Amino acid sequence: MDQDKSRPTAKELTELTAFLSAREQQAQPLPGEPGFPTGLAGELLMLAESTQPDPAFATRLELQLRQAVKAGSKGSRPGWWCALWQSFSIPERNTAMKRLIAFALVGIVLFALIYISIPSLFPSPTQTQLVLATPPTSTSVSTPLSPLTPTVAPPTSQSPVAINFIPQPVPNQPPSLPSLVNALGSGYGGSGLGNLPEGMPLSLATELPASPAEVTAYYRLENTPLTLEEASQIASQWGLNAQLYIPAWMASITPDQIERSYIAVDGMQNLSMWNSELSYNDLVKSPVYSGHQYPQTGLPPSEQAVSTATQYLTERGYLNYPYQVDLSQYNYGLVNFYRLQENLPINYHAASVKIDPQGQVGTAWVSREDYQAVGSYPVVSASQAWDLLNAGQPSDEISISYYTAQDGNPQYWGRVYPASQIAHLFGAPTYLLPAGPEASPYLQMNNLVLTGDLSGLMEYLQSNQGYIHAWGEVQEVNGTRHLQLAGWEPFDEFSGYLDGSVRRTPDGDFLELNDGSRLRLPDLPEDVPADIPLYAQGGRVDNTLEWFILQVHPADEGQMPPDLSQAQAVIDKVELVYLAPGLNNVSPDMTLDPAYRMLVPVWSFTGRITNTGGEDMVFRAYVQAVTNP
Amino acid sequence: MLKLTTLSLFLFMVSSHPNGKAASNLPMHDLELAQRAAGDPDAFTDLYHRYLPRIYRYHLARTGHVQEAEDLTAQTFLTALESIRSFRGQGSLSSWLFGIASHKLADHYRHSRTELPLEEAEQLHSSIPQPEEAALQRLEIARVAMVLHLISPERAEALVLCLFGGLSMAEAAQVVGKSEAAVKMLVHRGLCDLQERLTVNLEVA
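If you're wondering where the values come from, they're calculated on a predicted model, not measured in any experiment.

**Quick word on the overall build of chain A**
And then number 1: Along the backbone of chain A there are 13 helices and 28 strands.
And then number 2: Taking all 629 residues of chain A together, the buried fraction comes to 35%.
And then number 3: For chain A, the proportion of contacts with a sequence separation of at least 24, taken over those separated by at least 6, is 70%.

Following this line, the structure appears as structure tokens:
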């Protein structure tokens, strides 16, 4: 058979996958060694390796960087001046850019002259600011999150399984708070779609709230590691008659190296338990499709969903604190809860419940965090915070993020496998080992529990985390959906992603690939439009695409970040909140650092950014609301 | 963003640990280097030497022009120097640096509009001089960069980050703000597109 030289072979793609996976462990092979990719990928890697910057350029740039460090340490020039000076100093910057900068400077001077001489032509945000930045009144500090229901008093029902916290010494005086930059990232240009221009015009479309005299700072307590006994109690209280498992990869690591997490499995329900949070999922009511989310239709009224979600959590002993309900993601079926501490919201969901169109709970998530007061601080006024933000300079006390207001989650369709039919599954199975004695390992794939002779597959998965193709009959026993395994084989993951257009014909439904070939699409949902370009995830069986997920192309695919050079932000909500920096991805040492465990009182400014192209983005800024003692 | 907040964590839990106690992927020496680099010019120089070839290759593969690549490389390191104190160890130093590089490149494209329509880019091929021994490497890179302009920017970005920037798929995922699986998909498709275009290109030549 002639090889199609216009496309990489499956072997080449598999080699590239393995190479990039090995790079993760810094163990990638060198050119000429076994495992180094062949084909175009290998050629490109070797081309990259042989490409070096001009030594003269490297030396010149190093010198400039050292000079920039010295200039910065003198602190004699403001940051914008240093940046501009450096721009002129870079020999690599072309002449056109230098001219552009010079013209821009002339333009700025001319604009300033016009601005000063004809102020009536510019009804600017600055004027608005002067009106609104008046001394604070005595109105309430807490501005409700929108859309929110009123604050709810804590219920008095069941108590949750006790959480063991490691006691923290209460200091005699408040500790120094970390800078927001250390906790969240830099001011301008932090997270978002690109660099946010310094000095971007801001204006207020709301009144600044009054400030309390003082605010209490809190420390997020560290939980003790979860034990098997505690996990069993939690699962029982959740109402599950469950076997307990641990992820298979965890079995080879001792508990002193990594804290144990446990998974309770009861039929199609599962509850994942960590010391600081719980996550529940019912695979029948809320099947997992690689984490895809998309707005749902036919949801019950939000009041009914709030009632269901609240009852669900309180019956299990959670939500036993003052809270606010956040319905901003209810189009996804999500009812979120913010915990209140001294009547101020902690800007981090304390619990979430996902309601399905039938009004049932499909998933739930609960934080098991608790807090300890460590002292009180005088509060920086909202007016002072606004002035700092509006100054437009990077600061340790400011963190800004922005993101597109457009829903970035593309529509998708997930496959549901009918009972009594042969199904072909392509993907990476979830592999769990029993946490206690007298239980079998658990394998689940594409929302089906694998049953039958799994010994060979388990042996394979102990040393491979790769994708597989598994097939067999779908069965439903006592509400649990199984795949009675008839066979399996390793599968190259790259072969499982296809790109094409849906074709509906009298002969059936097909995915037409870019090379013009067609693969049959079984069980295509009726609401998938014809001729729409789709990404498909699945695998080929003869001329059929046994798909698991179909997804439309993201609306922003291939687009460059929006131009923000002429943009402006309008702030329409200002409130005092506690900020809880995330602990998920920081190093183990940093999770114990008070700088990362503190609930930082901040003024939250939220609004919209619009640019000349009419693009709409969400703007969010936090300004530290306390000064260190 | 909402994808990250989804409650379907069943698959997530087998690959990561949510409370930060798990062994971090972050190489500590990179983190230490970044922390020292905030106040120590020698440390920043170490960082510079460690990452210069990779940042330069990234920009060269994306622009195809040595002058532009050097300019963008310089801008990337100057911005890194200005904001090194903001690096907080959430994610790798590589991802952070390439995030800056990616933004610089986006700004460059926005202002210079170097992306070419398909026909124009294919015509450009004939204007590329034939390889001379001393300039072989740059000409090959130029050819790759030119053909990269013919494929989807997202696929090109993922491919260059992994093959020229030396990033793992997880690190590239942090730079482009997508899941690791999505980056795998983009790299795969990008390589297919590139090979297809290079084949056509060579046949035309």
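**Thoughts on the overall build of chain B**
And then number 1: Per the secondary structure count, chain B includes 10 helices and 0 strands.
And then number 2: Reading chain B from its N terminus to its C terminus gives the helix and strand order α-α-α-α-α-α-α-α-α-α.
And then number 3: Classification of the 205 residues of chain B by burial places 55% in the buried group.
And then number 4: Counting contacts in chain B only where the partners sit at least 6 residues apart, residues at least 24 apart contribute 66% of the total.

**Things to note about the packing of helix H3 (residues 41-63) of chain B against helix H4 (residues 66-83) of chain B**
Residues and elements named next belong to chain B.
And then number 1: At their nearest, the axes of H3 and H4 sit 8 Å apart, and the two run at 140° to each other. As summarised for this structure, H3 and H4 are arranged oblique, according to the angle between their axes. Like other packed secondary-structure pairs, H3 and H4 cross with a definite hand, here right-handed. Of the residues in H4, those in contact with Phe44, Tyr48, Ile55, Tyr56, His59, Leu60 and Thr63 of H3 are Val66, Glu68, Ala69, Leu72, Thr73, Thr76, Phe77 and Leu81.
And then number 2: The residue makeup of the contact of H3 with H4, split by class, is 10 nonpolar, 4 polar and 1 charged.

**Things to note about the packing of helix H8 (residues 153-163) of chain B against helix H9 (residues 169-176) of chain B**
How two helices sit against one another is set out by the angle between their axes and by the gap between those axes.
Residues and elements named next belong to chain B.
And then number 1: Where H8 meets H9, the axes come as close as 9 Å, and the angle between the chain directions of the two elements is 135°. By the criterion of interaxial angle, the relationship of H8 to H9 is oblique. Once H8 is placed against H9, the crossing between them reads as right-handed. Along its contact with H8, which presents Glu157, Ala158, Leu161 and Cys162, the element H9 presents Met169, Ala172, Val175 and Val176.

**Brief notes about unusual backbone geometry**
All names here are of chain A.
And then number 1: You will see that Asn343, though not glycine, has its phi angle at about 70°, which is positive.
And then number 2: When you line up the elements, Asn343 lands in the loop between strand E9 (334-341) and strand E10 (344-355).
And then number 3: Judged by C-beta crowding, with 12 C-beta atoms within 10 Å, Asn343 ranks as exposed.

**What to know about H8(B)**
And then number 1: In terms of residue burial, H8(B) counts as a mostly covered element, since 10 of its 11 residues are buried.
And then number 2: Taken as a whole, H8(B) has its buried residues at Glu154(B), Arg155(B), Ala156(B), Glu157(B), Ala158(B), Leu159(B), Val160(B), Leu161(B), Cys162(B) and Leu163(B).

**Observations concerning the nonpolar core**
And then number 1: Among the nonpolar cores identified, the biggest contains 113 residues, and Leu599(A) and Val623(A) are the most heavily contacted of them.
And then number 2: Setting aside its immediate chain neighbours within four residues, Val623(A) contacts Ala385(A), Leu388(A), Leu389(A), Glu397(A), Ile398(A), Val602(A), Trp603(A) and Phe605(A).
And then number 3: Counting residues in hydrophobic clusters, the runner-up holds 70 residues, among them Ala37(B), Tyr48(B), Trp96(B) and Phe98(B).

**Some details on the environment of Phe337(A)**
Residue and element names in this part refer to chain A.
And then number 1: Mapped onto the secondary structure, Phe337 falls in strand E9.
And then number 2: For the pair Phe337 and Val366, spaced 29 residues apart in sequence, the C-alpha to C-alpha distance is 9.4 Å.
And then number 3: Among residues more than four places away in sequence, those in contact with Phe337 are Leu319, Tyr323, Val325, His349, Ala350 and Ala351.

**Some remarks on the pairing of strand E3 (residues 214-220) of chain A**
All names here are of chain A.
And then number 1: Bridging between E3 and strand E12 (residues 371-378) involves 7 bridges; their strand directions are antiparallel. From the neighbouring strand, Thr216 faces E12, where its bridge partner is Ser376.
And then number 2: Alignment of E3 against strand E27 (residues 598-610), held across 2 bridges, turns out to be antiparallel. Across the sheet, residue Tyr218 finds its bridge partner in E27, namely Leu599.

**Regarding the confidence of the model for chain B**
Residues and elements named next belong to chain B.
And then number 1: Per-chain confidence: chain B averages 67 in pLDDT, with 65% of residues scoring 70 or above.
And then number 2: For chain B, helix H1 (residues 2-5) is the element with the lowest average pLDDT, namely 29, and H8 is the one with the highest, namely 90.
And then number 3: Taken together, the stretch residues 1-28 has pLDDT below 50 and engages in 69 contacts with residues farther than four places along the chain or on a different chain.
And then number 4: pLDDT under 50 marks residues 112-139. Its contacts with residues more than four places away, or in other chains, come to 26 contacts.

**Describing the pairing of E27(A)**
All names here are of chain A.
And then number 1: Among the 13 residues of E27, 10 are classified as buried, and the element is accordingly described as predominantly covered.
And then number 2: Looking at chain direction, strand E26 (residues 568-579) and E27 are connected through 11 bridges and run antiparallel. Counterpart to Val570 in the pairing with E27 is Arg608.
And then number 3: Pairing between E27 and strand E28 (residues 616-624): 9 bridges, direction antiparallel. Note on E28: the bridge partner recorded for Ser604 is Tyr622.
And then number 4: The hairpin turn running from E27 into E28, its antiparallel successor, is 5 residues long, and Gly614 in that turn takes a positive phi close to 80°.

**What to know about the environment of Ala428(A)**
And then number 1: Mapped onto the fold, Ala428(A) is located in the loop between strand E15 (422-427) and strand E16 (430-434).
And then number 2: Each C-alpha atom of the pair Ala428(A) and Ala470(A) lies 10.0 Å from the other, and the pair is 42 residues apart in sequence.

**Here we look at the confidence of the model for chain A**
And then number 1: When pLDDT is averaged along chain A, the result is 77; 72% of the residues meet or exceed 70.
And then number 2: Considering only residues more than four positions removed or in separate chains, one finds that residues 186-195 of chain A, a stretch of pLDDT under 50, has 35 contacts.

Parameters and conventions
- Residues numbered from 1 in each chain as written.
- Chains lettered and ligands numbered in written order.
- Predicted model: local features only at pLDDT ≥ 70, side-chain atom pairs only at ≥ 80, totals over all residues.
- Helix = DSSP H or I, 4+ residues; strand = E, 2+ residues; numbered from the N terminus.
- Buried ≥ 20, exposed ≤ 12 C-beta atoms within 10 Å, placed from the backbone.
- Contact = placed C-beta atoms within 7 Å.
- Axes fitted to C-alpha atoms, helices over the stretch in contact; angles between N-to-C directions.
- Parallel < 35°, antiparallel > 145°, perpendicular 65-115°, else oblique.
- Left-handed = near helix turned anticlockwise from the far one by under 90°.
- Nonpolar A, V, L, I, M, F, W, Y, C, P; charged D, E, K, R; others polar.
- Core = buried A, V, L, I, M, F, W, Y, C linked by C-beta atoms within 7 Å.
- Pairing = 2+ DSSP bridges.
- pLDDT = per-residue confidence, 0-100.

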